[in-house]
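# Structural overview
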Amino acid sequence: MPESFKYTKELAKLFTTSDNILLISHINPDGDAIGAQLAIYHYLRSVGKNADMIAPNNLQEFLKWMNGADLINVYIKQREKCRVLIEKADLIVMLDFNQSNRLGEAEKHVLSSKAKKAVIDHHLNPDNFSDILISDPTVCSTSELIYQIVTNINEKPFISKPYAEALYVGIITDTGNFEHGAYSGNTFRIVADLLETGIDRSTIQNLIYNNFSADRMRLMGYALNQKMVILPEYQTAYMFLSRSELASYNYVKGDTEGFVNMPLSISGIVFSVLFIEKEGFVKLSFRSKGTFPSNEFAKKFFYGGGHLNASGGEYPGTLGNTIEYFLKVLKENFDNLNKIS
Ligand code: 5GP
Ligand code: MN
């Protein structure tokens, strides 16, 4: 049994003794965060537990079809209701993140709540902000870990289509359709079990990957054609989009998902960065190939973190001065970081 499971029994006990269980995903929740959250919600409800869900901010459009997604309370839209849920919870389970600032505005309320707190996650080097930490960076996704934990607690696989669908979404989105990340033979064994519940793989595939607007595709073309800069001497490519450019393509949340991966298909490029202008700050997405540690770069220079090959961060500046700062730190640090690899 993996080391990370040593707290599973304790978690099971807390599930049994808690009347109000609150499940919280991270800010800008991705398919894995929402998949893990919904899967554990469906399991808890099936065993008669009272569970509620919060996401720090809005879900991306392509996740909204998921069974139970409409029951997720969005903190920045329903602050009062979410504070009450945090207040009355006796167990708070945090999913798919390892630093408390990923709770966004909910952070201070969650940290000061009297509830027992558990973290279930697969990122390296978790911070210590919970009573129970179930962390396994050897799995591809938090969803894979949830499958193992629930199977353990349930003493056999929990068979339910909404549960299987949620975990399947978490696994395919965190591995980019089995292209990257820490997937293993066991991931495929789990996927086999999930598919055998009768979930419709091709429908899910279409809902996640083939469900965008024409504007989004034109935005992608624009970004690649007009806004991509290649720095061959640093094996790096970056793209940047302003708020007004996004608006002119009728941007909805989730539209830029996947853009940052594309420059990695260029021969010789090992590091790709996407800058998205937000109100008062810039959000950065980092992707890398091989052993270039994108997460170290994110952590050291952009208040962020993540996985070796997929990470993110932010910078409190304009698009222009964020890129300027990025170029400076890239030039100063590329060789060193690339040497680690
Ligand atoms: P994305 O580029 O898709 O937004 O994020 C990729 C991964 O990077 C996420 O799954 C998450 O692990 C990590 N990540 C993104 N933004 C941040 C951030 O601001 N802080 C931290 N710690 N991790 C982030
Ligand atoms: Mn994840």
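Throughout what follows, the structure given in this document is the object of discussion. Owing to the predicted nature of the structure, the values given are computational and were not obtained by experimental measurement. (Residues numbered from 1 in each chain as written. Chains lettered and ligands numbered in written order. Predicted model: local features only at pLDDT ≥ 70, side-chain atom pairs only at ≥ 80, totals over all residues. Heavy atoms only, no water.)

### Concerning the coordination of the manganese ion (ligand 2)
- Here the manganese ion (ligand 2) is held by the protein donor atoms Asp-32 (OD), Asp-96 (OD), His-122 (NE2) and Asp-174 (OD), which lie 2.1 to 2.4 Å from it.
- In primary-sequence terms, the residues that donate to the manganese ion (ligand 2) follow D-x63-D-x25-H-x51-D. With His-122 in the loop between strand E5 (116-121) and strand E6 (132-135) and Asp-174 in helix H6 (residues 161-174), this pair connects stretches of sequence that are 52 residues apart.
- A relative accessible area of 3% means that His-122 is categorised as buried. (Donors = N, O, S within 2.8 Å, 3.2 Å for Na, K, Ca; no water. Helix = DSSP H or I, 4+ residues; strand = E, 2+ residues; numbered from the N terminus. Buried < 20%, exposed > 50% of the residue type's maximum accessible area, 1.4 Å probe, protein only.)

### Here we look at the nonpolar core
- With 52 residues, the main nonpolar core has Leu-23, Ile-120, Ile-146 and Leu-194 as its most contacted residues.
- Within the second largest apolar cluster, 24 residues are counted, among which are Leu-231, Val-270, Phe-297 and Leu-319. (Core = buried A, V, L, I, M, F, W, Y, C linked by side-chain atoms within 4.5 Å.)

### Quick word on the sheet that holds strand E9 (residues 271-277)
- With mixed pairing, six strands are arranged side by side in an open sheet as E7-E8-E9-E10-E12-E11. Only two strands of the sheet have a single partner each, and these edge strands are strand E7 (228-231) and strand E11 (305-306).
- Across seven bridges, the pairing between E9 and strand E10 (residues 282-288) is antiparallel. Bridge pairing links Val-273 to Phe-286 in E10.
- The sheet contacts of helix H9 (residues 214-226) involve E7 and strand E8 (236-241), and relative to E8 the element is tilted by about 130 degrees. (Pairing = 2+ DSSP bridges. Contact = heavy atoms within 4.5 Å. Axes fitted to C-alpha atoms, helices over the stretch in contact; angles between N-to-C directions.)

### Quick notes on the site of ligand 1
- Taken together, 14 residues lie around ligand 1, and Gln-99, His-123, Lys-283, Ser-285 and Arg-287 are the ones closest in.
- The separation between an oxygen atom of ligand 1 and a polar side-chain atom of His-123 is 2.7 Å.
- Considered on its own, ligand 1 offers 500 Å² of accessible surface; in the complex 85% of this is hidden by protein.
- The element that contributes the greatest number of residues to the shell around ligand 1 is strand E12 (residues 310-315), accounting for four residues.
- Of the residues contributing to the shell around ligand 1, the split by class is one nonpolar, nine polar and four charged.
- When residues of the shell around ligand 1 are assigned to domains, at least three fall in each of domain 1 (3-209) and domain 2 (214-340). (Near = heavy atom within 4 Å. Polar contact = N/O pair within 3.5 Å; in protein donor to acceptor, adjacent residues only side chain to side chain. Areas by Shrake-Rupley, 256 points an atom, 1.4 Å probe, with all protein chains shown as cover. Nonpolar A, V, L, I, M, F, W, Y, C, P; charged D, E, K, R; others polar. Domains from an automatic or database assignment.)

### Things to note about the packing of helix H2 (residues 31-46) against H6
- It is at 8 Å that the axes of H2 and H6 come closest, and there the two elements cross at 160 degrees. Here H2 is positioned roughly antiparallel relative to H6, judged by the angle of their axes. Read as a crossing pair, H2 and H6 show a hand that is left-handed. Seen from H2, the contacting residues are Gly-31, Asp-32, Gly-35, Leu-38, Ala-39, His-42 and Tyr-43; seen from H6, they are Pro-162, Tyr-163, Ala-166, Leu-167, Val-169, Gly-170, Thr-173 and Asp-174.
- Grouping the constituent residues of the contact of H2 with H6 by class yields eight nonpolar, five polar and two charged. (Parallel < 35°, antiparallel > 145°, perpendicular 65-115°, else oblique. Left-handed = near helix turned anticlockwise from the far one by under 90°.)

### Quick look at the side chain of Ser-160
- Relative to the assigned elements, Ser-160 resides in the loop between helix H5 (142-154) and H6.
- Since its relative accessible area comes to 13%, Ser-160 is described here as buried.

### Let's talk about helix H8 (residues 201-209)
- Residues of H8 that are buried include every one of Ile-204, Gln-205 and Ile-208, and no others. With its buried residues spanning 100 degrees around the axis, H8 presents them on a single face.
- At its buried positions, H8 is contacted by H6. (Arc of directions from axis to C-beta.)

### Some details on the environment of Ser-244
- By the secondary structure assignment, Ser-244 is in helix H10 (residues 243-248).
- Judged by relative accessible area, which is 55%, Ser-244 ranks as exposed.
- In the structure, Ser-244 is positioned 33 residues away from Glu-277 in sequence and 9.0 Å away in space, judged by C-alpha atoms.

### Looking at the pairing of strand E1 (residues 20-24)
- Within E1, five of the five residues are buried, which leaves it mostly tucked inside the rest of the structure.
- Along E1, one buried face is formed by Asn-20, Leu-22 and Ile-24 and the opposite face, lined by Ile-21 and Leu-23, is buried too.
- In the sheet, E1 pairs with strand E2 (residues 50-55) via five bridges, with the strands oriented parallel. Bridge pairing links Ile-21 to Ala-51 in E2.
- Handedness of the crossover joining E1 and E2 through H2 is recorded here as right-handed. (Right-handed = clockwise from strand over helix to strand, strands pointing away.)

### Brief notes about the pattern of salt bridges
- The tally for this structure, following the rule as stated, stands at five salt bridges.
- Between Lys-64 and Glu-61 there is a salt bridge; the shortest N-O distance is 2.9 Å.
- Judged by its relative accessible area of 40%, Glu-61 is partly exposed.
- The shortest N-O distance in the salt bridge between Arg-79 and Glu-105 comes to 2.7 Å. (Salt bridge = Lys/Arg side-chain N within 4 Å of Asp/Glu carboxyl O.)

### Some points on the packing of H5 against H6
- Interhelical geometry of H5 versus H6 gives an angle of 145 degrees and a closest axis separation of 8 Å. Residues Ser-143, Glu-144, Ile-146, Tyr-147 and Val-150 of H5 form the contact with H6, whose participating residues are Tyr-163, Ala-166, Leu-167, Gly-170 and Ile-171.
- Its residues assigned to classes, the contact of H5 with H6 shows seven nonpolar, two polar and one charged.

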